[in-house]
Amino acid sequence: QTYPQLPDSCLVVLIGASGAGKSTLASTWPVSQVLSLDALRGAVSDDCGLQEATSDAVDVLHLLLECRMARRKFTVVDATNVTKSAREPLVAAAKRHNMPVIAVMVATPASVCVERQDPRPANRTVPADTVRAQHKAMVHSHPTLLAEGFNEVLFADSLYRLEPYLEQISN
Ligand code: GTP
Ligand code: MG
């Protein structure tokens, strides 16, 4: 396991606005362990930014999650997960298989998340208003996560600092 704070066998639910750095953190795990909603939108539609493909991609994500939880496989869900309705089926899948479920908040400031949309390709930019709403929802989620069934709530920057890793992959 890359991070000593996380059990070998658990579900990690990343929570954060677009641009917060969820996929950057997720890229520190083997690709097979990461269920990326963007990648699954791409898998069903050839366009990872196609919002119309979201509900199909969510269905596929839930199916893959069920298969992995049944095998007790360490799994990371890379999606914004800022609403209770998005998180509920993830927590339920872990509970069905007695797997610990850990929330990892990627709590990058809203202004930084908005700035990070600029250099993205057009089909991957999220409007500033949407990013700010996601950020607000993420902040409001924090106090209810334990009551939703998460066994633990961590902040991404307590796992490790991304800077040395980013330096390493840019070399
Ligand atoms: P969505 O997929 O839109 O929900 O966003 P995301 O949360 O997956 O963000 P992503 O990981 O794509 O990061 C957005 C941008 O921020 C990328 O250009 C990253 O290189 C950069 N970034 C992410 N984390 C860090 C960090 O810790 N430090 C710095 N300097 N840049 C980061
Ligand atoms: Mg991402």
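All of the points below concern the structure found in this document. All of these numbers come straight from a predicted model, not from anything done at the bench. (Residues numbered from 1 in each chain as written. Chains lettered and ligands numbered in written order. Predicted model: local features only at pLDDT ≥ 70, side-chain atom pairs only at ≥ 80, totals over all residues. Heavy atoms only, no water.)

All right, on to the nonpolar core then. Nonpolar side chains in soluble globular proteins tend to be buried together. Formed by 24 residues in total, the largest nonpolar core has its most connected members in Leu-11 and Ile-15. Listing elements by their share of this core, those giving two or more residues are strand S1 (11-15), helix H2 (37-45), helix H3 (54-70), helix H4 (84-96) and strand S4 (101-105). (Core = buried A, V, L, I, M, F, W, Y, C linked by side-chain atoms within 4.5 Å. Buried < 20%, exposed > 50% of the residue type's maximum accessible area, 1.4 Å probe, protein only. Helix = DSSP H or I, 4+ residues; strand = E, 2+ residues; numbered from the N terminus.)

Before going further, it helps to examine the environment of Pro-109. Secondary-structure assignment places Pro-109 in the loop between S4 and helix H5 (110-115). For the pair formed by Pro-109 and Leu-159, sequence separation is 50 residues and the distance between their alpha carbons is 18 Å.

Moving on, we come to the environment of Ala-133. Take Ala-133: it is sitting in helix H6 (residues 128-141). Residues Ala-133 and Val-153, spaced 20 residues apart in sequence, show a C-alpha to C-alpha distance of 21 Å.

What follows covers the site of ligand 1. Near ligand 1 there are 15 residues, and of these Ser-18, Lys-22, Ser-23, Thr-24 and Arg-120 occur at the shortest range. Note that an oxygen atom of ligand 1 is positioned 3.4 Å from one of the side-chain N or O atoms of Asp-38. Counting only elements with at least two residues in the shell around ligand 1, the list comes to helix H1 (22-26) and helix H9 (162-170). Partitioning the shell around ligand 1 into residue classes produces four nonpolar, five polar and six charged. (Near = heavy atom within 4 Å. Polar contact = N/O pair within 3.5 Å; in protein donor to acceptor, adjacent residues only side chain to side chain. Nonpolar A, V, L, I, M, F, W, Y, C, P; charged D, E, K, R; others polar.)

Moving on to the pairing of S1. Of all the five residues making up S1, five are buried; the element is thus mostly covered by neighbouring parts of the structure. Of the two faces of S1, the one holding Leu-11, Val-13 and Ile-15 and the one holding Val-12 and Leu-14 are both buried throughout. Alignment of S1 against strand S3 (residues 75-78), held across three bridges, turns out to be parallel. The residue of S3 that forms the bridge with Leu-11 is Thr-75. Summarising the sheet, S1 and S4 pair through five bridges and their orientation is parallel. Following the sheet pairing, Leu-14 is matched in S4 by Val-104. (Pairing = 2+ DSSP bridges.)

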